[in-house]
Amino acid sequence: MPCYEIDGLRPVVHPSAYVHPDAVLVGNVHVGPRCYVAPLASLRGDFGPIILREGANVQDCCVMHGFPGIDTVVEENGHIGHGAILHCCHVGRNALVGMNAVVMDRAVIGESAMVAACSFVKAGMEVPPQVLVAGVPAKVVRALTAQEMEWKVDGTRCYHDLTVRSLATLKPCEPLTEAEPDRPTVDLPDVVPLFELKRRS
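Let us look at the structure shown here.

Cut-offs and rules
- Residues numbered from 1 in each chain as written.
- Predicted model: local features only at pLDDT ≥ 70, side-chain atom pairs only at ≥ 80, totals over all residues.
- Heavy atoms only, no water.
- Salt bridge = Lys/Arg side-chain N within 4 Å of Asp/Glu carboxyl O.
- Buried < 20%, exposed > 50% of the residue type's maximum accessible area, 1.4 Å probe, protein only.
- Helix = DSSP H or I, 4+ residues; strand = E, 2+ residues; numbered from the N terminus.
- Pairing = 2+ DSSP bridges.
- Phe/Tyr/Trp six-rings, centres within 6.5 Å; stacked < 30°, edge-to-face > 60°.
- Polar contact = N/O pair within 3.5 Å; in protein donor to acceptor, adjacent residues only side chain to side chain.
- Contact = heavy atoms within 4.5 Å.

Section: the pattern of salt bridges
Working step 1: Under the defined criterion, the tally for this structure stands at eight salt bridges.
Working step 2: Measuring nitrogen to oxygen at the nearest pair gives 3.7 Å for the salt bridge that ties Glu5 to Arg10. Take Glu5 and Arg10: they sit in the same class, and that class is exposed.
Working step 3: Notably, a salt bridge pairs Glu148 with Arg142, separated by 2.7 Å at the nearest N-O pair.
Working step 4: Using a relative accessible area of 33% as the deciding quantity, one classes Arg142 as partly exposed.

Some details on the pairing of strand β4 (residues 24-31)
Working step 1: β4 sits mainly inside the fold: six of its eight residues count as buried.
Working step 2: Bridge count between strand β1 (residues 3-4) and β4: two bridges; the pairing is parallel. Looking across to β4, one finds that Tyr4 is bridged to Val26.
Working step 3: In the sheet, strand β2 (residues 12-13) pairs with β4 via two bridges, with the strands oriented parallel. Directly across from Val13, in β4, lies its bridge partner Val31.
Working step 4: Pairing of β4 with strand β6 (residues 42-52), which is carried by seven bridges, proceeds in the parallel orientation. Residue pairing in the sheet places Leu25 in a bridge with Leu43 of β6.

Details of the packing of aromatic side chains
Working step 1: Applying the stated criterion across every chain yields a total of two aromatic pairs.
Working step 2: Centre to centre, the rings of Tyr18 and Tyr36 are 5.9 Å apart; their planes meet at 20 degrees, and the pair counts as stacked. Pair noted here: Tyr18 is in strand β3 (residues 18-19) and Tyr36 is in strand β5 (residues 36-37), with a separation of 18 residues, a long-range link.

Let's talk about the sheet that holds strand β16 (residues 114-115)
Working step 1: Spatially, β3-β5-β7-β10-β13-β16-β19-β20 is the arrangement adopted by the eight strands of the open sheet, whose pairing is mixed. The open sheet has two free edges, formed respectively by β3 and β20 (139-143), since each of these has just one partner strand.
Working step 2: Where β16 meets strand β19 (residues 131-134), two bridges bridge the pair, whose relative direction is parallel. Counterpart to Met114 in the pairing with β19 is Leu132.

Things to note about the side chain of Ser119
Working step 1: Mapping Ser119 onto the fold places it in the loop between β16 and β17 (120-121).
Working step 2: Only 2.9 Å separates the side chain of Ser119 from the backbone oxygen of Ala116, close enough to count as a polar contact.
Working step 3: Polar contacts involving the side chain of Ser119 include one to the main-chain amide nitrogen of Gly135, which spans 3.2 Å.
Working step 4: When neighbours within four sequence positions are excluded, Ser119 is seen to be in contact with Asn100, Ala101, Val102, Val133, Ala134, Gly135 and Ala138.

Comments concerning the environment of Leu40
Working step 1: Structurally, the position occupied by Leu40 is in the loop between β5 and β6.
Working step 2: Of the residues examined, Leu40 reaches a relative accessible area of 54% and is grouped as exposed.
Working step 3: Note: C-alpha distance between Leu40 and Phe67 (27 residues apart in sequence) is 22 Å.
Working step 4: With residues near it in sequence (within four places) discarded, Leu40 still touches Asp22, Ala23, Cys61 and Cys62.

Any functional reading would require information beyond the geometric quantities listed.
Structure, rendered in structure tokens:
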């Protein structure tokens, strides 16, 4: 992975974490145990520290950055969807930030809360635990259901499994020109998309 030292500070990555070779870590970045950092994520600790606590995942094309002297943190089992931007904020334990959402300076996302995709969480907003926020600017929509919170836990567990699989088997390769006969599929836990769960209930 491209890692860059600045002012004598190098990124720290726990041996049980997986950081994709196409992610970029700069300076004062801490990637904790069992974390997953996806391709093209950019974690820039050239001003304030960037901290991922145990079991967090930061998906493709995410950006994390902050101001000097202020930590940008994703707590244990935080789940950051594709293309999200986190700037100088704090994402609580087991919270989810949806795809292409933006969380601004000194905002706090409460434990087990969800930020809907494409939402804009303004600077200084404090999102309570176990609620859904959505919109531009984001507002509290409602409390999360038990089913929604369980769905989130299952989804994050898939990223824990992906960390293990990636450490064990992911490697560069040349593409095949044709698919093999009887090409296997990946055997994963049965995680159903949330919209499908709601339709069934």
